[in-house]
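Coordinate analysis (summary)
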Amino acid sequence: MSEETLNITLKVWRQDGPEDRGRFETYQAENISTHASFLEMLDVVNENLNEDGKEPIAFESDCREGICGTCNLMIDGKAHGPEKGTATCQLHMRKYSDGDTIVIEPFRAASFPIIKDLAVNRAALDAIVMSGGFISVNTGAAPDANLTPVPKEAADQAFDAAACIGCGACVAACPNSAAQLFTSAKVQHMNLLPQGQAERWQRTEAMIETMEMFFGSCTNHGECHDACPKEIPLDLIAWTNRDYIKSKNKNRKLAGQRG
Amino acid sequence: MIGSLDSRLPAGSADNIQDAWTNHKFSMKLVNPANKRKFEVIVVGSGLAGASAAATMGELGYKVKLFTFHDSPRRAHSIAAQGGINAAKNYQNDGDSVHRLFYDTVKGGDFRSREANVHRLAEVSVNIIDQATAQGVPFARDYGGLLDNRSFGGAQVSRTFYARGQTGQQLLLGAYSALMRQVGEGTVEMHTRTEMLDLVVHDGAARGIVVRDLITGDVTSHSGHAVVLATGGYGNVYYLSTNAMMSNVTAAWRAHRRGAMFANPCYTQIHPTCIPSSDEFQSKLTLMSESLRNDGRIWVPEGMDDSRAAADIPEGERDYYLERKYPAFGNLVPRDVASRNAKTVVDQGRGVGTLKNGVFLDFADAIARDGKDLVASKYGNLFDMYERITGEDPYSQPMRIYPAIHYTMGGLWVDYELQSNVPGLFVLGEANFSDHGANRLGASALMQGLADGYFVLPYTIGNYLADQLGDRPMDAGDAAFRQVEAEVNEQTNKWLSTNGTKSVDYYHRELGKIMWDYIGMERSENGLEKAISEIPALKAEFHKNVRILGTGDGLNQSLEKANRVADFFELGELMARDALAREESCGGHFRAEHQDAEGEADRDDENFQHVAAWEWTGTDSVQNRHTEDLEFNYVIPSKRSYK
Amino acid sequence: MAVTQRPQDKLRTPKPINKPPRITMPWPLNLYQTAIGKKWVMALTGIGLVGFVLSHMIGNLKLYQGQLKVAEYAEGLRTLGDPILPKYSVLWLLRIGLIAMFMLHIHAAVTLTRMNAAANARYQSNRNFQSANLASRTTRITGIIIAVFVVWHLADLTWGWTAGFMGWRGDGFNYGDPLWNVDNSMSNIVIAIWYMIATVAVAVHLFHGIRSAFTSLGINSPKFNRLRLPIAAGIAGLVLVGNLLFPIMVQAGVLEADEPAPIEEWVKADFAKELAE
């Protein structure tokens, strides 16, 4: 492993608060180790800003292992940066060359309002889960775990959906700011499992309609999948569309044709 | 001192541990369903323990308020657990039982935990798997569609349930979904991006908390009949750990300052297989699953300061030190043994990598024996992760690994009902000290968090609340709350007006170095005394010379960190004192003075078979050490040996 | 029904950009009140319109068989259902269906575009798109071109409004004589190019639209998913080549009518006799 350092020019979106006008500011990140992660590079920049009496850039991160979904940067026009299947925190500076210029923006969508600089509010994603992203089983009411065998295929497919880390990159990358990949992952995780069947149609209808309160509609570009750090399959969107159309009729029947 | 260190073990648990929890549940007071809605409970933290407790109490009908500093409850650090969760299901028919899980956990904890607590944990472990499966947690399954298990360190049976390498995320998503259902139904009131900054204790009981809204900077008070802390561990006191960037001790520590006892702070767990740090600005360490040691061989060069590439070092000049010293267990010795030996060879100057801060974990033999494809099918995603972080290909050159702080067994003292010595203050999960003793077994952290949240607290809190029927919670506008709010605001203003020269991170890094050097894997009297003198000096400089820019009325990450690091300074000093007072080696606490001729831990059951619980006595005085004696009636203490 | 009312009261969500409809229509009309329902309608109407485009093109191939044959085909369309149903009745049913599909397709597109605009917050730097391609990102533009073109095309070759000022030969527009009209219109190089541009727009629109329709309708089977791209490319390519050839062939002089055909006589003679001659 060779130890090298890089000098990078950063153009970073700075915005004082939700209502303020933002602007790009240019910073130099000097002597950055190629082993540093992208966020560690920003840590260094912040340390220097603090030293110069300028307020550090607000950006969010937590686990820095690519699983919590807190980090969210639009790097050179791509959600989570150039590396496929990688969250911002797992992007490393060895992917860049000395003298590069990197543009950093927050994830943007009307329902992801900016809190400050690069930090945005993604609570709308929680609202989608709140409306139906669960299996209603009170603590203690569960039967033995092996009572219902789940075919391995179904379990694996459900897992592919459940791998979503809720970072919002799909929304950020979508030219329509649609949250269809996120919602489909959440819906299908449970719709694909036997445990999730009782509430399947109600869940699908409620979650989709909550999604439509906050986000745009899908026009099948596929950008979401390319931005997704967990590479959630696009097929889930099709399955969810089918379930949704069915749900309208099924729920009507479940409600005794009352429409 | 508020309250007492009465563990309130169920009567007769010494003679009949099997029925202790069942009997205790029957003996506890109940709150009838119609009355539950009259009780308000505050929960702080939304990880496995906090989310599961809030969801379950919401289902029962209590009015719950949940506070988390995350933007969504799903981001709590429980999410990062990789390996799995233990449960005594015995689905593999290999002789597992509640008693065996109980036995393994007590022994693995090096006989420093309460038998009755651990037995209860083993009992409810089976319910956790049922609950999680019903919630849709996609555990691994075999081709018959039934749940699959794997074995994990410290156990001879396969009892670990797992969901690829992200069991923590899947279990947390299960608890989070249950929580969000209750939020939707209105039984749980959610406060995201809201950080607890103090506990309000009045008339000898916990009455509520004071919080800061991280977006608006507003400092407000919330009162309830009881306060539940589920705020995680304090591994970040070391700066570099596998904990998340925001993990901190603040909520627990502020409770400690208000009278809650802090127990066994020196018990910290080191994970042997992490990726070593690569430079000064490394912000955190990444854990690689321990399963890698099943096929990888650990070695360092024979000679000092050997900078040759691994491939250029001939077989004869390599030291497979674990295989050499522990022929029976070889590379599979327990975490603490593997970690300490890595430190020994690195301290000798035989470390590998540019910074000489790691040891090799070599898969060349496994690849030669099983072929690259089989190795890739077992460890492919781990190898990819390693390559992404280090830029090195573990198929062609050995991995570099080094131990890192990973989990903290110590925490706020709680009794059998998970109540601290402050009445009305309950502590769950990693934030309490209870079930792991001096060392935690792999795949037991998730089990404990969920056991506390789903199946213990919802019962035991009723026993406390039942007596308060008819009492309203204290008014959050009361003078007691105003007073605490004023203190919080004053502290905020102090940070913002300190106007020093160095960042919070700088001091955190410096503190971490002291912690790692003197209170890390191996502790000595000299080192600990050095730490006890250096930490307060650095802390004083921190308070005088830290620079926090911006304002208090909006998002200000430096300000948030300052509060947390200030508490780490006080905690760090207490950890050193606790380690110094514990004149023995046990579990995650290894004192250089207390080892046998072969360098193994030398436990002192005669003098230290107890819990050390520290009582806060003021900012400028040393905490008082209290003890709670431990009794072992079922698992008789013996010396651990892995030769 | 199942939507949690006002999530912003329970979480720190921003104000919704879309409110759920105040009145829920009865099933299945309520489908059209939602974005996914609209996408579904777009896909279905789109498939219908693709069917029209294809059959229109195949029918037009009769131009190569000469003035008489294509005129007979045109008259055949007008008399579909004959002798059971009166002339024009079936044709108008088809036309109404076509118009309805067209209007629904456009209405859904417009409302969804407005919804997406409301959901979007513009990036201030350049995007680096990965899989969004020219076709997917220009559907709205190609859609507008197609809508304008359809009106032009009707005016040009159905209603004959352009005959007066486009320098047509002879008596101008000859009702029921497709080859004469086509030749007159497309021998003007500007008009020929305009037809070619519109054809390209149709093909690009179809390419994304067909692929997209599978997902919108939820047609997804691992076995056949890999066929989605070839199907879309195949249909779009067919439409592109087939329709591009008309103006090219007119310009090249292959499709040509020397003088307007006596359509009324042919109709009276019931074509068959004419053909027999």
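Residues numbered from 1 in each chain as written. Chains lettered and ligands numbered in written order. Predicted model: local features only at pLDDT ≥ 70, side-chain atom pairs only at ≥ 80, totals over all residues. Heavy atoms only, no water.

The next subject is the overall build of chain B. Within chain B, the secondary structure is distributed over 17 helices and 20 strands. In terms of overall dimensions, chain B is globule-like: its C-alpha atoms have a radius of gyration of 24 Å, near the 26 Å expected for 643 residues. Overall size of chain B, expressed as C-alpha extent along the three principal axes, is 75 × 60 × 50 Å. Residues classed as buried in chain B amount to 66% of the 643 residues present. Of all intrachain contacts in chain B linking residues separated by at least 6 positions in sequence, the fraction that spans at least 24 positions is 73%. For chain B, the exposed surface amounts to about 21200 Å²; the carbon and sulfur share of it is 47%. (Helix = DSSP H or I, 4+ residues; strand = E, 2+ residues; numbered from the N terminus. Rg over C-alpha atoms; globule rule 2.2 N^0.38 Å. Buried < 20%, exposed > 50% of the residue type's maximum accessible area, 1.4 Å probe, protein only. Contact = heavy atoms within 4.5 Å. Areas by Shrake-Rupley, 256 points an atom, 1.4 Å probe, with all protein chains shown as cover.)

Residues and elements named next belong to chain A. Of all six residues making up strand 5 (residues 101-106), five are buried, and the element is well covered by its neighbours. Pairing analysis gives four bridges linking strand 1 (residues 5-14) to strand 5, with the strands arranged parallel. Paired with Lys11 across the strands is Val103, a residue of strand 5. Examined bridge by bridge, strand 3 (residues 73-75) and strand 5 share three bridges and lie antiparallel to one another. Bridge pairing in strand 5 places Leu73 opposite Pro106. (Pairing = 2+ DSSP bridges.)

All right, on to helix 9 (residues 335-350) of chain B then. All names here are of chain B. Within helix 9, twelve of the 16 residues are buried, which leaves it mostly tucked inside the rest of the structure. Turning to helix 9, its buried residues number three or more, namely Arg335, Asp336, Val337, Ala338, Ser339, Arg340, Asn341, Ala342, Lys343, Val345, Val346 and Arg350. Along its buried surface, helix 9 packs onto strand 12 (268-274), strand 13 (297-301), strand 14 (318-319), helix 8 (321-325), strand 15 (359-362) and strand 16 (399-408).

Residue and element names in this part refer to chain A. Taken domain by domain, chain A comprises domain 1 (5-116) and domain 2 (123-254). In this assembly, 19 residues from domain 1 lie in contact with 20 residues from domain 2. Buried surface at the junction of domain 1 and domain 2, both sides included, amounts to about 1400 Å², of which 59% is carbon and sulfur. Contact with domain 2 buries surface across domain 1, with Lys84, Ser111 and Phe112 losing the most and accounting together for 33% of the total. Where domain 1 touches domain 2, the interface holds two salt bridges. Put simply, Asp226 and Lys84 hold a salt bridge, and the shortest N to O gap is 3.2 Å. There are three residue pairs in polar contact (both at pLDDT 80 or more) connecting domain 1 and domain 2. Across the side of domain 1 that touches domain 2, the residue classes tally to nine nonpolar, seven polar and three charged. (Domains from an automatic or database assignment. Buried area = accessible area lost by both parts, 1.4 Å probe. Salt bridge = Lys/Arg side-chain N within 4 Å of Asp/Glu carboxyl O. Polar contact = N/O pair within 3.5 Å; in protein donor to acceptor, adjacent residues only side chain to side chain. Nonpolar A, V, L, I, M, F, W, Y, C, P; charged D, E, K, R; others polar.)

Looking now at the interface of chain A and chain B. Of the residues lining the interface, 76 residues belong to chain A; the matching set on chain B comes to 78 residues. When the two sides are added together, the surface that chain A and chain B hide from each other amounts to roughly 6500 Å², 51% of it contributed by carbon and sulfur. Here chain A is connected to chain B by six salt bridges. The closest approach of N and O atoms between Arg193 of chain B and Glu60 of chain A, which form a salt bridge, is 2.7 Å. Seen at the junction of chain A and chain B, the total is 46 residue pairs in polar contact (both at pLDDT 80 or more). Within the residue set of the side of chain A that touches chain B, elements represented by two or more residues are helix 1 (38-51), strand 6 (114-116), strand 7 (119-120), helix 2 (123-130), helix 3 (152-162) and helix 5 (180-191) of chain A. Looking at the side of chain A that touches chain B residue by residue, the classes come out as 33 nonpolar, 22 polar and 21 charged.

Residues and elements named next belong to chain B. Interaxial distance between helix 3 (residues 48-60) and helix 12 (residues 445-465) falls to 8 Å at its minimum, and their mutual angle equals 30°. If you check the angle between helix 3 and helix 12, you find them roughly parallel. The handedness of the crossing between helix 3 and helix 12 is right-handed. Of the residues in helix 12, those in contact with Leu48, Ala49, Ser52, Ala53, Thr56, Met57 and Leu60 of helix 3 are Leu446, Gly449, Leu450, Gly453, Tyr454, Leu457, Pro458 and Ile461. Along the lines of polarity and charge, the residues of the contact of helix 3 with helix 12 split into eleven nonpolar, four polar and no charged. (Axes fitted to C-alpha atoms, helices over the stretch in contact; angles between N-to-C directions. Parallel < 35°, antiparallel > 145°, perpendicular 65-115°, else oblique. Left-handed = near helix turned anticlockwise from the far one by under 90°.)

Let us now look at the domain arrangement of chain B. Residue and element names in this part refer to chain B. By the assigned domains, chain B splits into domain 1 (20-26 + 35-267 + 409-468), domain 2 (271-405) and domain 3 (479-605). For domain 1 versus domain 3, the distance between C-alpha centres works out to 24 Å. With 46 residues of domain 1 at the contact, the number on the domain 3 side is 43 residues. Where domain 1 packs against domain 3, one counts seven salt bridges. A salt bridge links Arg603 to Asp110, with the shortest nitrogen-to-oxygen separation between them at 2.7 Å.

With that settled, the discussion passes to a positive patch on the surface. On the surface, a cluster of positive charge is made up of Arg242, Lys246, Lys250 and Lys253 of chain A. Given a relative accessible area of 39%, Lys246 of chain A falls into the partly exposed group. (Patch = residues over 30% accessible without salt bridge, like charges linked within 9 Å, V, L, I, M, F, W, Y side chains within 5 Å. Lys, Arg positive; Asp, Glu negative; His and termini not counted. Charge placed at Lys NZ, Arg CZ, Asp CG, Glu CD.)

Let us look at the pairing of strand 16 of chain B. Residues and elements named next belong to chain B. For strand 16, a buried count of ten out of ten residues is recorded, marking the element as mostly surrounded by other parts of the structure. In terms of strand pairing, strand 12 meets strand 16 through five bridges, oriented antiparallel. Bridged to Ile270 within strand 16 is Ile405. In the sheet, strand 15 pairs with strand 16 via three bridges, with the strands oriented antiparallel. In the sheet register, Phe360 faces strand 16, and the bridge partner there is Arg400.

Let us look at the nonpolar core. With 259 residues, the main nonpolar core has Phe38 of chain A together with Ile519 of chain B as its most contacted residues. Top element by residues in this core is helix 16 (residues 557-581) of chain B. It accounts for twelve residues. Setting aside chain neighbours within four positions, we find Ile519 of chain B in contact with Tyr238, Ile514, Leu528, Ala531, Ile535, Gly572, Met575, Ala576 and Ala579 of chain B. Of all hydrophobic cores here, the second largest spans 19 residues; its members include Trp152, Ala163, Ile191 and Leu255 of chain C. (Core = buried A, V, L, I, M, F, W, Y, C linked by side-chain atoms within 4.5 Å.)

This part covers a nonpolar patch on the surface. All names here are of chain C. Where nonpolar side chains cluster on the molecular surface, the patch consists of Ile58, Leu61, Tyr64, Val241, Leu245, Ile248 and Val254 and spans about 580 Å² of accessible area. Examined against the element boundaries, Leu245 turns out to sit in helix 8 (residues 228-252). Owing to a relative accessible area of 31%, Leu245 belongs among the partly exposed residues under this scheme.

What follows is about the packing of helix 3 of chain B against helix 6 (residues 167-185) of chain B. All names here are of chain B. Closest axis-to-axis distance for the helix 3/helix 6 pair is 8 Å, and the angle between their directions is 35°. Crossing angle aside, the handedness with which helix 3 passes helix 6 is left-handed. Each of Leu48, Ala51, Ser52, Ala54, Ala55, Gly58 and Glu59 in helix 3 lies in contact with helix 6, whose residues at this interface are Leu171, Leu172, Ala175, Ala178, Leu179, Arg181 and Gln182. Of the residues assigned to the contact of helix 3 with helix 6, the class counts are nine nonpolar, three polar and two charged.

Before going further, it helps to examine the pattern of salt bridges. Residue and element names in this part refer to chain B. Scanning the entire structure with this criterion turns up 72 salt bridges over all chains. Put simply, Asp605 and Arg112 hold a salt bridge, and the shortest N to O gap is 3.0 Å. With Asp605 in helix 17 (residues 605-608) and Arg112 in the loop between helix 4 (98-108) and helix 5 (115-135), this residue pair connects regions lying 493 residues apart in the sequence. Using a relative accessible area of 1% as the deciding quantity, one classes Arg112 as buried. Through salt bridges with shared partners, a single network forms among Asp110, Arg112, Arg582, Glu584, Arg603 and Asp605.

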